[in-house]
Amino acid sequence: MVLPKILYQNLKRYFGYNDFRPRQKEVLRYLFAGNDLVAILPTGSGKSLCYQLPATCLSGLVVVVSPLISLMKDQVDSLRSRGIRATYINSSLNWSEQQRRLKGIIQGDYNIIYIAPERFESNVFLDRLTQVKVALFAIDEAHCISEWGHDFRPSYLKLAQVRKKLGNPRLIALTATATPEVRKDIIKGLGLRDFKLLIKGFERRNLYLEVKQVENELVKKEELLRILTYNPLPAIVYVGTRNRVEEIIAFLEDKFSVIGYHGGMKSHERRRSQELFMAGSYDIVIATNAFGMGVDKSDVRLVVHYELPGTLEAYYQEIGRAGRDGFASKCILLYQEEDSDLREFFIDNDYPQKDIVEEVYSFFLAQNQQEVEVNFNQLYLQLRNLPSKLALDATLRLLRKEGYLKRISSKDQEITYQILEQVEPKQLEIDYLQLQYLKKNKYQKLSELKGYIGTKECRHQYILNYFGDEEALNYCPGCDNCDEVRQTRVITKELGILVQKILSCVIKLGGRFGVTTIAKVLTGSKSKKLLGRGLDKVSTYGIVNDFSYEDIISIIEELIEARYLKRDMGRYPTVQITKAGYKILHQPYNLDWNLVREEKEINNLANQARLELLNKLKDLRTRLSKEFNQAPFIIAHDKTLEELVRRLPKNREEMLKVRGFGEVTYRRYGESFLKVIQEFLQVEPELDRIETPICLDGTYEETFNLYKCGLPLEDISKERGLAVGTIVDHLSKLIESGVEIDTRRFISASELEEIRAAIAKVGYQTLKEIKELVNDEIDYNKIKLVVAGYKKEFMPN
Ligand code: ADP
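Criteria and cut-off values
Residues numbered from 1 in each chain as written. Predicted model: local features only at pLDDT ≥ 70, side-chain atom pairs only at ≥ 80, totals over all residues. Heavy atoms only, no water. Salt bridge = Lys/Arg side-chain N within 4 Å of Asp/Glu carboxyl O. Helix = DSSP H or I, 4+ residues; strand = E, 2+ residues; numbered from the N terminus. Pairing = 2+ DSSP bridges. Axes fitted to C-alpha atoms, helices over the stretch in contact; angles between N-to-C directions. Near = heavy atom within 4 Å. Polar contact = N/O pair within 3.5 Å; in protein donor to acceptor, adjacent residues only side chain to side chain. Areas by Shrake-Rupley, 256 points an atom, 1.4 Å probe, with all protein chains shown as cover. Nonpolar A, V, L, I, M, F, W, Y, C, P; charged D, E, K, R; others polar. Phe/Tyr/Trp six-rings, centres within 6.5 Å; stacked < 30°, edge-to-face > 60°. Lys NZ or Arg CZ within 6 Å of the ring centre and 35° of its normal. Expected span 1.5 Å × (residues − 1). Buried < 20%, exposed > 50% of the residue type's maximum accessible area, 1.4 Å probe, protein only. Arc of directions from axis to C-beta. Contact = heavy atoms within 4.5 Å. Parallel < 35°, antiparallel > 145°, perpendicular 65-115°, else oblique.

Draft legend 1. Spatial organisation of the pattern of salt bridges. Counted under the stated rule, the structure contains 40 salt bridges. A salt bridge links Arg301 to Asp325; the shortest N-O distance between them is 2.7 Å. Taken together, the positions of Arg301 in the loop between strand 11 (284-287) and strand 12 (302-305) and Asp325 in the loop between helix 12 (312-319) and strand 13 (329-335) put the pair 24 residues apart, joining distant regions of the chain. With a closest N to O distance of 3.0 Å, Arg567 and Asp729 form a salt bridge. Taken together, the residues span a long stretch of sequence, with Arg567 in strand 17 (residues 565-569) and Asp729 in helix 31 (residues 724-736) at a distance of 162 residues. One network of salt bridges, in which partners are shared, links Glu217, Lys221, Arg244, Glu247 and Glu307.

Dropping the structure here:
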């Protein structure tokens, strides 16, 4: 179904947006086709607009149920400032103000109203609301309907009835987290029958997910220190308790700028902590899970869980605070076996057994008084069968909740209880079965979390499966388990900006120039040819200074391969931007190197070893970067490190042959790199004997492997789904970098002779000049392969 035009017009008119986010479109399509809908979409996907926008064009009121009373006023103010007639009713307003607003609603003064679910407890209120025509009933944070969810709100259970009373308007339930049980509860609780369920967008492509198992607390602390030292900040470190916040701050504060945040702090202190962290005054916040709501810091690069999160969905929510700007960020969970033992201990104690409840209750009865004063610690010692103080505390809470005891006063350990109801302990009306069920559920949640921790599969996939996201990933965006098969380049902010610059330069040059000219313009080359053409006047001239010419070339090649750019193989190979390129121009973080690549496993040992060495070199670079206070790419680019792995230099001389390793770099860092390589070779001596192609970049390797199978060019091209020209480019690059490629498989002896003769006359700098001298049958591809051989021979290293 096509969306009504008015929605596009009002999107622009009231919200100022030019287009919908993809999932918004889907939601609105379902709604306007008359469906009820449960939409489970992650935070930040623009859920609110899905019910706010309809308010601008539906004939009738949009009623939004939301538990977030503290946010209602801001939401309504923001809608009003956009010219949408909105109001809210919740317990923060006094009775007469509530009545005044209700009257306005009935008079038709509003298009959209926000209501706290508890308001519907009042029949009078509900009756009055039935006087208006409700066009859409939107239930925000719909997971609150589930007792298994983290923010259960009993009033949500009445919403099915409320809807009926309101004349069964169309319904949309929205939430960012819903596990299978919660999903079931939403559907059942709202009495939905004929409806659509949309679960999408849970993949977080820019997050690198990792779990680090540690032996003990001491190692955990060291690991935390290491992580914070070698990864980009700002960081959020989540811990379990207030005390832990203090403890970790004390541990870190002489090394980092850290601030704390926990529920025990006064609200103004909490606000201050949050503001200071958001403003960038501190690099690290050590927080309990109270931290997060309303934190809108886009450049958090690291989220570390020092202790286990409550559930996997809580974990997902918390790591969602990393990398909101879309750029690469890391999420590391530190785990030691005892963490889950401790969790189990808490769960066990939280749901006391029948005999324990009876023992505690009997104690109170035995005092023969209406009011009993106890000292908590003494009581614990007195009651023999209690496994822990926690169990005592949970039992007392249970007896209070079930209406048998009432706490009338408490001071420190001294607590006075009133016995509200006296029955035989065996007659206590407590649903022990339900307690066991709750306990089982908690265990279930814990085991799901442990499943994530222990999985050997892709962590991203594990999370998607868990949430039931319909869109499967066909590759891993980055996790410790898939590291060996990882092929994507990490989209760091620096790389994102470079891609943006490259794309703009291609546009500015009007698609009339090739890869080298683009790279020269970007790096501000002073070449005569360039200046002669006036290309130094282009606005993108010289705008890149933090990447080398070679890097830019290889990134342009990758962009071509991923189809953000395309190469026009005419007489002069030129580069143009594609539709996909335009799409990512302003959102470089959405770049997907795998656009046309398929997941391919690099699973042979040589590759694993090479990747391992590469990681070691990267670690070294990070350490040096801290030590010398230099940006990592200044020390060595990724490509340089990759080339080190390829060449495995053994001494200064060999090292200097590696592109990107000049005298100066060598003097400063050369020895350190050599040492790491040599140490590695002692463990993996095989590596030195294995023939390795130019780049670790999987794409060359794949072409190389197919070449080794003896396939002709056309078949390699078909197999890889890439143009023959691209395959030739790969082979040429491999040749140039010293890999043995037998070009006679693709070029006949007479053709080779002709090309050589032409090169003898005009050199090999301009393919076109060679082409003009040879037989028409000989195409550019053949010429390129021969030229590559010359380049290899004559290229200075
Ligand atoms: P969610 O409720 O899913 O977490 P929000 O409704 O709070 O997400 O929206 C997240 C952000 O996205 C808001 O800043 C909102 O203004 C913005 N946004 C929503 N829809 C669009 C759109 N179509 N184009 C651009 N920005 C949008």
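After that view of the structure, there is still more to cover.
Draft legend 2. Highlighting the sheet that holds strand 2 (residues 61-65). Sheet architecture is open: 7 strands sit in the order 3-4-2-5-6-1-7, paired in parallel fashion. Where the open sheet ends on each side, the last strands, each with one partner, are strand 3 (86-89) and strand 7 (195-199). Here the strands of the sheet are splayed against their neighbours by 15° on average, with no regard to which way each runs. Two strands pair when backbone bridges link them, and strand 1 (residues 36-40) and strand 6 (residues 170-175) are joined in this way by 4 bridges, in the parallel orientation. What sits directly across from Ile40, in strand 6, is Thr175.

Draft legend 3. Expanded view of the site of the ligand. Every residue close to the ligand is listed here: Tyr17, Asp19, Phe20, Arg21, Gln24, Pro42, Thr43, Gly44, Ser45, Gly46, Lys47 and Ser48. Gln24 is positioned with one of its side-chain polar atoms (N or O) 2.8 Å from a nitrogen atom of the ligand. If the ligand stood free it would expose 570 Å²; the protein chains cover 66% of that surface. Of the residues contributing to the shell around the ligand, the split by class is 3 nonpolar, 6 polar and 3 charged.

Draft legend 4. View of the packing of aromatic side chains. Applying the stated rule across the entire model yields 20 aromatic pairs. The interplanar angle of 70° and the centroid separation of 4.9 Å between the aromatic rings of Tyr261 and Phe291 together place this pair among those described as edge-to-face. Residue Tyr261 is located in strand 10 (residues 258-261), and its partner Phe291 is located in the loop between strand 11 and strand 12; the two are separated by 30 residues in the primary sequence. Members of the aromatic cluster, each reached through a chain of ring pairs, are Phe202, Tyr316, Tyr466 and Phe467. For Arg101, the ring lying beneath its charged end belongs to Tyr88, and the centroid distance is 4.5 Å.

Draft legend 5. Layout of helix 5 (residues 95-107). An ideal rise of 1.5 Å per residue puts 18 Å on 13 residues; helix 5 measures up with 18 Å between its terminal C-alpha atoms. Along helix 5, the residues classified as buried are Glu97, Gln98, Arg101, Leu102, Gly104 and Ile105. Down the axis of helix 5, the sector holding all buried residues measures 160°, keeping them to one side. Helix 5 presents Trp95, Arg100 and Gln107 as exposed residues on the side facing more than 90 degrees away from its buried surface. Looking at the packing, one finds that the buried side of helix 5 touches strand 2, strand 3, strand 4 (112-115) and helix 6 (123-129). The positive-phi residue at the C-terminal boundary of helix 5 is Gly108, with phi of around 85°.

Draft legend 6. Looking closely at the packing of helix 12 against helix 17 (residues 432-454). Orientation of helix 12 relative to helix 17, taken along the N-to-C sense of each, is 55°, at an axis distance of 8 Å. Classified by the angle their axes make, helix 12 and helix 17 are oblique. Here helix 12 contributes Leu312, Glu313 and Tyr315 to the contact with helix 17, which in turn contributes Lys445, Glu448, Leu449 and Tyr452. Among the residues making up the contact of helix 12 with helix 17, the classes are represented as 4 nonpolar, no polar and 3 charged.

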